[in-house]
Amino acid sequence: MTFENTDPDLVFHPLKKIEIIVKGDKKQFVSDLLDRSGAKGYTLVRDVAGMGEHGFHEGRLLFNDQASLVMFMAVASDETIRRVAAGLKPLFEKNTGVMFISDARVVRLEHFLKKEQALG
């Protein structure tokens, strides 16, 4: 089934999406970095599990939030995502974790950019 956009007011604005997976003890660092870099918001997923270079990571280990993995997801301008990626580079040189950057499209642009950026 395909969806055809027949609504001329429905615009898909191009932005970038970053997904960041780090240990829980780095959660505050990433949160602060996203704020300082200009991201208007993010989604946080706790207790992420998966397989990577360092083996399989479980979700929550008993009551230890610091050892489990968390995933941040944010959508913002290319400029903002570049600042976030640059801020993460030193973290990933000394710690485990990954980041994924991809193209994204949003309908409500004002939710992802500062007011002056959204106006253009």
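Residues numbered from 1 in each chain as written. Predicted model: local features only at pLDDT ≥ 70, side-chain atom pairs only at ≥ 80, totals over all residues. Heavy atoms only, no water.

Would you mind showing me how to read the layout of surface pockets here?
Unfilled space is identified by rolling a water-sized probe across the atoms. Approximately 290 Å³ is the volume attributed to the largest pocket. In this structure, the largest pocket is lined by 15 residues; those nearest its centre are Gly-52, His-57, Leu-69, Gly-97 and Val-98. Counting residues per element, the ones that place at least two in the lining of the largest pocket are strand S1 (13-23) and strand S3 (50-52). Partitioning the lining of the largest pocket into residue classes produces seven nonpolar, six polar and two charged. (1 Å grid on protein atoms, 1.4 Å probe; cavity = no way out; pocket = protein on both sides within 12 Å on 5 of 7 lines; lining within 4 Å. Points joined across faces, edges and corners; volume = space filled by probe spheres on them. Helix = DSSP H or I, 4+ residues; strand = E, 2+ residues; numbered from the N terminus. Nonpolar A, V, L, I, M, F, W, Y, C, P; charged D, E, K, R; others polar.)

Which parts of the structure should I look at to understand the side chain of Ser-77?
Tracing the backbone shows Ser-77 in the loop between strand S5 (69-76) and helix H2 (78-94). Judged by its relative accessible area of 14%, Ser-77 is buried. Non-local contacts of Ser-77, meaning those with residues more than four positions away in its chain, are made with Leu-15, Leu-113 and Gln-117. (Buried < 20%, exposed > 50% of the residue type's maximum accessible area, 1.4 Å probe, protein only. Contact = heavy atoms within 4.5 Å.)

Hey, could you run me through H2 in this one?
One turn of an α-helix holds 3.6 residues; hence residues three or four places apart share an orientation. Here H2 spans 25 Å end to end across 17 residues, near enough to the 24 Å set by a 1.5 Å rise per residue. The largest bend along H2 measures about 30° and falls at Leu-88, with the proline Pro-90 one to four residues further on. Along H2, the residues classified as buried are Thr-80, Ile-81, Val-84, Ala-85, Leu-88 and Leu-91. (Expected span 1.5 Å × (residues − 1). Bend = angle between axes of the 7 residues up to and from the residue.)

Is there a simple way to explain the nonpolar core in this structure?
Nonpolar side chains in soluble globular proteins tend to end up buried together. Counting 15 residues, the largest nonpolar core has Ile-20, Val-30, Leu-34 and Leu-88 as the members making the most contacts within it. At the level of secondary structure, the elements contributing two or more residues to this core comprise S1, helix H1 (27-37), S5 and H2. Contacts of Val-30, omitting those with residues within four sequence positions, involve Ile-20, Val-22, Phe-72, Leu-88 and Leu-91. Core analysis: the next-biggest nonpolar cluster, separate from the first, contains six residues, Leu-15, Val-75, Leu-109 and Leu-113 among them. (Core = buried A, V, L, I, M, F, W, Y, C linked by side-chain atoms within 4.5 Å.)

I'm lost on the sheet that holds S1 in this one. Help?
The strands that make up a sheet are held in pairs by hydrogen bonds between backbone atoms, and each pair lies either parallel or antiparallel. Strand order in the open sheet made by the four strands is S2-S5-S1-S6, with antiparallel pairing throughout. Each edge of the sheet is formed by a strand with only one pairing partner; in this case those strands are strand S2 (43-48) and strand S6 (98-106). Each strand of the sheet is rotated relative to its neighbour by a mean of 20°, with strand direction disregarded. Taken together, the five bridges between S2 and S5 define a ladder with antiparallel strand orientation. Within S5, the position partnered with Thr-43 by the bridge is Met-73. Along the sheet face, H1 touches S1, S2 and S5 and points at about 5° away from the line of S5. (Pairing = 2+ DSSP bridges. Axes fitted to C-alpha atoms, helices over the stretch in contact; angles between N-to-C directions.)

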